[in-house]
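Residue-level structural notes
Each chain, written out:
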Amino acid sequence: MHKKVIIIFLIYFIPFIATSCFPSCDCEPIKTFERTYNNLEIQAWDTSGFQNEEAINSAKKNAFGLTISVQFELNQISFSRAMLDISSFGFTSAYAMSGCDCPADEYINSDPIVSIKINVTNLENQEIIDVTDNFTTYNYNGEQLTINELFEIREEWHDGFQVDMSEYDNIPDSSVFTVIILLESGTKLIEQTQEITFE
């Protein structure tokens, strides 16, 4: 009697175990890329209307923003096939019903970003002021964040973001903004806006 139960048990579970050893998804190989930051682009915006417009020469201080885009080069350094999955023990059909989760590609920063700084130059007297804390952005919950707070919570820093000037008491009427990205190696990526006259 016990042998029959064991045989029935094995007959039932062997196909599930066998099918769980093969990925249910047709996943691509996992690629590893080395990301090298090499350039910086910034764009000044007039945010006073329903839709942002490029700030060509002038803007209002209470409706000014910057888009900061750190450019990078990707070099593939390795790839590997997905391993056999024996963790599901025959429940691959349940995984297939919920969608297929293929492993994501991996990205390694060869020279990561250490800090981001925004300076403003007063064109009347050439005074340079650090105004990084004058700019803020919002997280996914709608909470206002400074650039430094945003930098701390974003582990994968490889794309652009927009910041709005939320404090402007120390902003000159005739200004040039300079964004400085400091990399771990000491390399600086620097870009500046054209002259902005605030109304």
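For the structure itself, look to the data block above.
Residues numbered from 1 in each chain as written. Predicted model: local features only at pLDDT ≥ 70, side-chain atom pairs only at ≥ 80, totals over all residues. Heavy atoms only, no water.

1. Description of the overall build of the protein
Rule in force here: By definition, any uninterrupted DSSP run of H or I lasting at least four residues is a helix, any uninterrupted run of E lasting at least two residues is a strand, and each is numbered from the N terminus. Contact definition: two residues touch when any of their heavy atoms are within 4.5 Å. Per-residue and other accessible areas were derived by the Shrake-Rupley procedure at a 1.4 Å probe size, with only the shown protein chains allowed to occlude residues.
Assigned secondary structure in the protein consists of three helices and 13 strands. Pairs at least 24 apart in sequence give 72% of the contacts found in the protein among residues at least 6 apart. Of the roughly 13100 Å² that the protein leaves accessible, carbon and sulfur atoms contribute 53%.

2. Some details on the packing of aromatic side chains
Put simply, the test is: Pairing of aromatic rings covers Phe, Tyr and the six-membered ring of Trp, with a centre-to-centre limit of 6.5 Å; geometry is then stacked below 30 degrees between planes, edge-to-face above 60, and tilted otherwise. For each residue, the accessible area found with a 1.4 Å probe, counting protein chains only, is set against the maximum for its type, and the residue is called buried under 20%, exposed over 50%, and partly exposed in between.
Within this structure, the stated rule accounts for six aromatic pairs. Both rings, one in Phe-135 and one in Phe-177, keep their centres 5.9 Å apart while their planes meet at 85°; by these two values the pair is edge-to-face. Here the residue Phe-135 occupies a position in strand E8 (residues 135-138), and Phe-177 occupies one in strand E11 (residues 174-183), the gap between them amounting to 42 residues. You can call Phe-135 buried: its relative accessible area is 0%. Residue classification places Phe-177 among the buried positions, given a relative accessible area of 0%.

3. Quick word on the nonpolar core
As a reminder of what qualifies: Put simply, buried Ala, Val, Leu, Ile, Met, Phe, Trp, Tyr and Cys residues joined by side-chain atoms within 4.5 Å make one nonpolar core.
Of all hydrophobic cores here, the largest spans 31 residues; its most connected members are Phe-64, Leu-66, Ile-118, Phe-135, Phe-177, Val-179 and Ile-181. Taken together, the elements giving at least two residues each to this core come down to strand E1 (30-46), strand E4 (64-80), strand E6 (113-122), helix H3 (147-153), strand E10 (161-165), E11 and strand E13 (196-198).

4. Thoughts on the environment of Ile-108
Assignment of secondary structure puts Ile-108 in strand E5 (residues 106-109). Along the sequence, Ile-108 and Glu-34 sit 74 residues apart, while their C-alpha atoms lie 4.8 Å from each other. Once residues lying within four places of it in the same chain are set aside, the contact partners of Ile-108 are Thr-32, Phe-33, Glu-34, Arg-35 and Ile-77.

5. So, a negative patch on the surface
Quick note on the threshold: Patch membership is restricted to residues that have no salt bridge and whose relative accessible area is over 30%. Joining uses 9 Å for like charges and 5 Å for the nonpolar side chains Val, Leu, Ile, Met, Phe, Trp and Tyr. In what follows, salt bridge is the name for a side-chain nitrogen of Lys or Arg lying within 4 Å of a carboxyl oxygen of Asp or Glu. For the charge count, each Lys or Arg is scored as positive and each Asp or Glu as negative, with His and the chain ends excluded. Here the site of a charge means NZ on Lys, CZ on Arg, CG on Asp, or CD on Glu.
A surface patch of like charges, here negative, comprises Asp-130, Asp-133, Glu-149, Glu-152, Glu-167 and Asp-169. Of note, Glu-149 is situated in helix H3. Residue Glu-149 is classed as partly exposed on the basis of its relative accessible area of 37%.

6. Considering the layout of surface pockets
As a reminder, the rule being used: Of the two site types, the cavity is a set of points on a 1 Å grid over the protein atoms alone where a 1.4 Å probe fits but cannot get out, and the pocket is an open set with protein on both sides within 12 Å along at least five of seven lines, each lined by residues with an atom within 4 Å of a point. Grid points are joined across faces, edges and corners, and a volume is the space filled by probe spheres set on the points. All residues other than Ala, Val, Leu, Ile, Met, Phe, Trp, Tyr, Cys, Pro, Asp, Glu, Lys and Arg, Gly among them, are scored as polar; the first ten of these are nonpolar and the last four charged.
As a volume, the second largest pocket reaches approximately 170 Å³. The wall of the second largest pocket is formed by Tyr-138, Asn-139, Tyr-140, Leu-150, Ile-153 and Arg-154. Here the lining of the second largest pocket is built from residues that sort into four nonpolar, one polar and one charged.

7. Digging into the environment of Ile-56
Tracing the backbone through its elements, the reader meets Ile-56 in the loop between strand E2 (53-54) and strand E3 (58-59). A residue is classified by how much of its surface remains accessible, and Ile-56, at 44% relative accessible area, is partly exposed. In the structure, Ile-56 is positioned eleven residues away from Trp-45 in sequence and 8.3 Å away in space, judged by C-alpha atoms. Among residues more than four places away in sequence, those in contact with Ile-56 are Gln-194, Glu-195 and Ile-196.

8. Quick look at a nonpolar patch on the surface
Judged by side-chain polarity, Phe-72, Leu-74 and Tyr-107 come together as a nonpolar surface patch covering roughly 240 Å² of accessible area. Mapped onto the elements, Tyr-107 comes out in strand E5. Exposure remark for Tyr-107: the relative accessible area of 37% places this residue in the partly exposed category.

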